[in-house]
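# Tertiary structure, described
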Amino acid sequence: MPSTVCKGFALIDCNNFFVSCERVFKPHLNFLPVAVLSTNDGCIIARSQEVKDLGVPMGAPLFEYKNLLERHKAYLFSSNFNLYADFSDRVMQVISQFSSDLEIYSIDEAFVPIDCQTLEDFRYLKERIFQWTGIPVSIGLGPTKTLAKVAAHKAKKMNDKLYSLMDPKTHDAILKTIPIRDIWGIGRAQNKKLHSHQIITAYDLKVASEGWIRRKLHLPGLRTVLELRGTPCYVPEVNDSKRKSLIYSKSFGSSITSYEHLSEAVAHYAAKAALKIRNKGYSAHLLTLYLKRRDGFATQTASLSFPSNSTSIYIETSLKLLKQLYIKGVYLKAGIQLNQLASQKNIQLDLTHSENQSQKELMKTLDAVNQRYGENTLFYAAEGFSRSWSCKAKHKTPDYTTNWNDILRVKMDAL
């Protein structure tokens, strides 16, 4: 990193994140083919490099590649999002000690601003993340977020897992090797449009006419071009205050035909949505229930009397909506969508809503017990007990870091 360039962005990207989380407690799987499966074990949503090298694409249906994976003795795991979310929090905590201006981009990526740090500083960060969490990361450095993304893409292929594009003299040679589909902000439709005009690489996009880009890709496309040229257009976003909605939805492990089982699933999803929004520090004013039947979709929305994140209120409201929507049939999926979100810090209530404080205390107690003793230690009876409709997860690992009952046990032979 040239000493004269002190401003830019670093992207810290966890390598094959879901797979890496599984390997932390199973180090014997390092360098072996490993894949993580989606809800109901239907599709492949994370692949180790060894599985990628077999030609297995992202999102592929498991049944299409099951024989190939079995021939190569690949290990399969059901998604364990509690484990992945906890490891993500741990990684982000380590990064936040390095830079207070952490911007979490996704569950496995974060930006931090560069302020005259050296390459050695970032090597130290990479080593510390691995030492403290067991998660390997790649770090890309660039004068803009888009170039930091390009650098992180390059870093994944380097032994050092660290790559800098802070020197403008290196940009063009690297951008000529990057397919346009790998550029941040270029989707499938834009990729197809650009290819039709012989814009194949990131370098081709960088040198394209600004006027043409504005006409074809509009303002977002122009921002991408300017970022490739080294002009920052995406400012740091260090908070989540602009979030507009939150969704919790899942397909059922098996189709549901009875109202009793459907109401249990809806109540359980409402409880999950409530926990998710509380963890984000928000309350919602609108709640939408949507159901997927074999013959189509059904949705209904309710306005809460005041912004809330209470599990009690969400379950009560969701079950009222279910009564309005239910007809006999085969149900495949349900979801809860929360809108008109407001930060808990900014909610103003009138005197008629004094019961909101008791709900806050109840939710605080509920979350504290479940956090200490494990998920679902306390839950609402409306969520059901057997939950035969739950997602299939035949290959799910224990919740090693979030459930006392699943904590890793170490056995030692007597001396």
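In this report, the structure presented in the accompanying data block is examined.

### A few points about a nonpolar patch on the surface
Residues Tyr373, Trp404 and Ile407 make up a contiguous nonpolar surface patch of about 350 Å² in total accessible area. Locating isoleucine 407 in the fold gives a position in the segment after α13 (355-373).

### A word on the pairing of strand β6 (residues 109-115)
Among the seven residues of β6, five are classified as buried, and the element is accordingly described as predominantly covered. Relative to β6, strand β1 (residues 7-14) runs antiparallel, the two being bridged by seven bridges. In the strand pairing of β6, phenylalanine 9 is matched with proline 113. Where strand β5 (residues 103-106) meets β6, three bridges bridge the pair, whose relative direction is antiparallel. The partner of serine 106 across the bridge, within β6, is glutamate 109. Hairpin connection of β5 to β6: two residues between the antiparallel strands.

### Regarding the pairing of strand β11 (residues 296-308)
Pairing between strand β10 (residues 282-293) and β11: nine bridges, direction antiparallel. Counterpart to alanine 284 in the pairing with β11 is serine 308. What sits between β10 and β11 in their antiparallel hairpin is a turn of two residues.

### Topic: the packing of helix α1 (residues 17-24) against helix α4 (residues 81-98)
α4 packs onto α1 with a crossing angle of 95 degrees between their chain directions and a minimal axis gap of 10 Å. Considering the angle they form, α1 stands roughly perpendicular to α4. On α4, the residues touching Phe17, Phe18, Cys21, Glu22 and Val24 of α1 are Phe81, Leu83, Tyr84, Phe87 and Ser88.

### Some points on the pattern of salt bridges
In total, this model carries 16 salt bridges according to the counting rule given. Put simply, aspartate 86 and arginine 90 hold a salt bridge, and the shortest N to O gap is 2.8 Å. Remark: arginine 90 and aspartate 86 occur in helix α4; sequence separation between them is four residues, near one turn of the helix. Residue classification places aspartate 86 among the buried positions, given a relative accessible area of 17%. Here glutamate 103 ties to lysine 145 by a salt bridge, and the two come within 2.7 Å at their closest N and O atoms.

Each value, and the rule that gives it
- Residues numbered from 1 in each chain as written.
- Predicted model: local features only at pLDDT ≥ 70, side-chain atom pairs only at ≥ 80, totals over all residues.
- Heavy atoms only, no water.
- Patch = residues over 30% accessible without salt bridge, like charges linked within 9 Å, V, L, I, M, F, W, Y side chains within 5 Å.
- Areas by Shrake-Rupley, 256 points an atom, 1.4 Å probe, with all protein chains shown as cover.
- Salt bridge = Lys/Arg side-chain N within 4 Å of Asp/Glu carboxyl O.
- Helix = DSSP H or I, 4+ residues; strand = E, 2+ residues; numbered from the N terminus.
- Buried < 20%, exposed > 50% of the residue type's maximum accessible area, 1.4 Å probe, protein only.
- Pairing = 2+ DSSP bridges.
- Axes fitted to C-alpha atoms, helices over the stretch in contact; angles between N-to-C directions.
- Parallel < 35°, antiparallel > 145°, perpendicular 65-115°, else oblique.
- Contact = heavy atoms within 4.5 Å.

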